[in-house]
Amino acid sequence: FAAASCEDNDTGLKVTEDVPYADKTLYDVLNEQDDLTSFMEVINACGPEFSDSLFNQSRVYTVFAPVNEAMDAMKEELVAKLQNEDEREQVLKTFVRAHVANHLRPANGVLEAGNRIMMLNNKKTEFTGSYSEGYMFDDARITVPNIRAWNGIVHKLESPVEYKHSVWEFLAVGSDEMDGYKVDSLANYLYSFNVREFDEYQSVLGPIVNGVQT
């Protein structure tokens with residue numbers, strides 16, 4: 001049937017039968033999916049820097065979005081933690097940024113075992129599979145791949161991925177005792193050598209504030 005078309009945008013996409021959301025942002029597309037409402041409740045609870053402003057920018061992202069059936073049991077806990085300043089950053093790191101990657105990551109062709117992509121939390125996650133056998137994001141099956149938007153792509157997941165802490169991270173989030181051994185003093189000692197510095201190359205451009213680029 002005849003499909004509507006639109007003027008070219010910065011990506012060169014046009015609205016067609018195969019790409020019906022070419023004129024919409026990721027935020028628009030995610031909000032229009034009836035089976036992603038729980039995921040979007042969590043995203044919107046993050047505040048504008050991770051909801052409207054992140055997914056409406058011209059920068060291109062790939063979103064791996066768990067469907068409602070997998071999210072319903074955990075969304076209230078995640079939203080509550082996002083509203084708690086002491087727990088907010090941990091949720092952003094272990095859930096939100098763990099399901100969003102820079103650049104277009106389509107599920108096309110054969111993605112060999114060991115193929116890994118960098119997520120916004122600087123963790124590498126396996127993205128594997130084939131058209132005939134289906135695609136996997138870590139250990140989560142992709143139920144609907146390649147929903148293309150103007151500024152990115154959405155893959156629907158059967159379940160959220162589990163965040164895997166490194167030993168270094170576990171010292172910070174683990175309990176005071178592991179297998180009967182006190183580790184808090186060891187963690188405090190090791191973390192005393194941390195150095196925080198700004199890496200412009202790996203940073204994402206924000207809005208212009210008072211004439212200054214953030």
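Predicted model only: the values in this text are computed from it and were never measured. (Residues numbered from 1 in each chain as written. Predicted model: local features only at pLDDT ≥ 70, side-chain atom pairs only at ≥ 80, totals over all residues. Heavy atoms only, no water.)

Enquirer: In this structure, what is going on with the packing of helix H5 (residues 75-82) against helix H6 (residues 85-96)? I would like to understand it.
Expert: For any two helices packed against each other, one specifies the inter-axial angle together with the distance between the axes. Running from amino to carboxyl end, H5 crosses H6 at an angle of 130°, the nearest separation of the two axes being 7 Å. It follows from the interaxial angle that H5 and H6 lie oblique. Contact with H5, carried on its side by Leu-78, Lys-81 and Leu-82, involves Glu-87, Arg-88, Val-91, Leu-92 and Phe-95 of H6 and no other residues of that element. Residue composition of the contact of H5 with H6, by class: 5 nonpolar, no polar and 3 charged. (Axes fitted to C-alpha atoms, helices over the stretch in contact; angles between N-to-C directions. Helix = DSSP H or I, 4+ residues; strand = E, 2+ residues; numbered from the N terminus. Parallel < 35°, antiparallel > 145°, perpendicular 65-115°, else oblique. Contact = heavy atoms within 4.5 Å. Nonpolar A, V, L, I, M, F, W, Y, C, P; charged D, E, K, R; others polar.)

Enquirer: Explain the pattern of salt bridges here, please?
Expert: Two side chains of opposite charge can pair, provided their charged atoms sit close to one another. Applying the stated criterion across every chain yields a total of 7 salt bridges. Two residues, Lys-156 and Asp-35, come together in a salt bridge whose shortest N-O distance is 2.8 Å. You can see Lys-156 sitting in strand S7 (residues 152-157) and its partner Asp-35 sitting in the loop between helix H1 (26-32) and helix H2 (37-45), a full 121 residues away along the chain. Owing to a relative accessible area of 28%, Asp-35 belongs among the partly exposed residues under this scheme. Arg-97 serves as the salt-bridge partner of Glu-89, at 2.7 Å between the closest nitrogen and oxygen. Residue classification places Glu-89 among the partly exposed positions, given a relative accessible area of 45%. (Salt bridge = Lys/Arg side-chain N within 4 Å of Asp/Glu carboxyl O. Buried < 20%, exposed > 50% of the residue type's maximum accessible area, 1.4 Å probe, protein only.)

Enquirer: What should I look at first to understand the sheet that holds strand S4 (residues 124-130) in this one?
Expert: Within a sheet, neighbouring strands are paired by backbone hydrogen bonds and run either parallel or antiparallel to one another. Within the open sheet, the 7 strands sit side by side as S2-S1-S7-S6-S5-S4-S3. Their pairing is mixed. Each edge of the open sheet carries a strand with a single partner, namely strand S2 (100-102) and strand S3 (116-118). Neighbour-to-neighbour, the strand axes of the sheet open up by a mean angle of 30°, direction not taken into account. As paired elements, strand S6 (residues 140-149) and S7 share 5 bridges and run antiparallel to each other. Each bridged residue has a counterpart across the sheet, and for Ala-149 the counterpart in S7 is Gly-152. (Pairing = 2+ DSSP bridges.)

Enquirer: Explain the side chain of Asn-102 to me, please; I cannot follow it from the model alone.
Expert: Secondary-structure assignment places Asn-102 in strand S2. Judged by relative accessible area, Asn-102 falls into the buried class, the value being 19%. Polar contacts involving the side chain of Asn-102 include one to the side chain of Arg-59, which spans 3.1 Å. With residues near it in sequence (within four places) discarded, Asn-102 still touches Arg-59, Val-60, Tyr-61, Met-118 and Leu-120. (Polar contact = N/O pair within 3.5 Å; in protein donor to acceptor, adjacent residues only side chain to side chain.)

Enquirer: I tried to follow the nonpolar core on my own but got confused; where do I start?
Expert: The tendency in soluble globular proteins is for nonpolar side chains to be buried side by side. Formed by 29 residues in total, the largest nonpolar core has its most connected members in Leu-30, Phe-39, Phe-55, Val-63, Phe-95 and Val-154. Contributing elements (two or more residues each) for this core: H1, H2, helix H3 (52-55), strand S1 (61-66), H5, H6 and S6. Residues in contact with Val-154, not counting those within four places in the same chain, are Leu-26, Leu-30, Leu-36, Val-63, Ala-65, Val-144, Pro-145, Asn-146 and Ile-147. Grouped together as the second largest cluster of nonpolar side chains are 13 residues, Ile-117, Phe-127, Phe-137 and Ala-140 included. (Core = buried A, V, L, I, M, F, W, Y, C linked by side-chain atoms within 4.5 Å.)

Enquirer: It is not clear to me how H5 should be interpreted in this structure. Could you clarify?
Expert: If you check which residues of H5 are buried, you get Lys-75, Leu-78, Val-79 and Leu-82. All buried residues of H5 project into a common sector of 100° when viewed along the axis, lining one side. Where H5 is buried, its residues touch H2, helix H4 (68-71) and H6. (Arc of directions from axis to C-beta.)

Enquirer: Got a minute to help me understand the packing of H2 against H5 in this structure?
Expert: Interaxial distance between H2 and H5 falls to 9 Å at its minimum, and their mutual angle equals 5°. Our classification of the angle between H2 and H5 gives roughly parallel. Along the contact surface, H2 presents Ser-38, Glu-41, Val-42 and Ala-45, while H5 presents Lys-75, Leu-78, Val-79 and Leu-82. Class assignment for the residues of the contact of H2 with H5 results in 5 nonpolar, 1 polar and 2 charged.

Enquirer: Whenever I open this one, the pairing of S1 confuses me. Can you help?
Expert: The buried count for S1 comes to 6 of 6 residues, which makes it a mostly enclosed element. The two faces of S1 match: Tyr-61, Val-63 and Ala-65 on one face and Thr-62, Phe-64 and Pro-66 on the other face are all buried. Of the strand pairs in this sheet, S1 and S2 are connected by 3 bridges, and their pairing is antiparallel. The residue bridging Tyr-61 from the neighbouring strand is Asn-102, located in S2. Where S1 meets S7, 6 bridges bridge the pair, whose relative direction is parallel. When the bridges of S7 are listed, Ala-65 appears paired with Lys-156.

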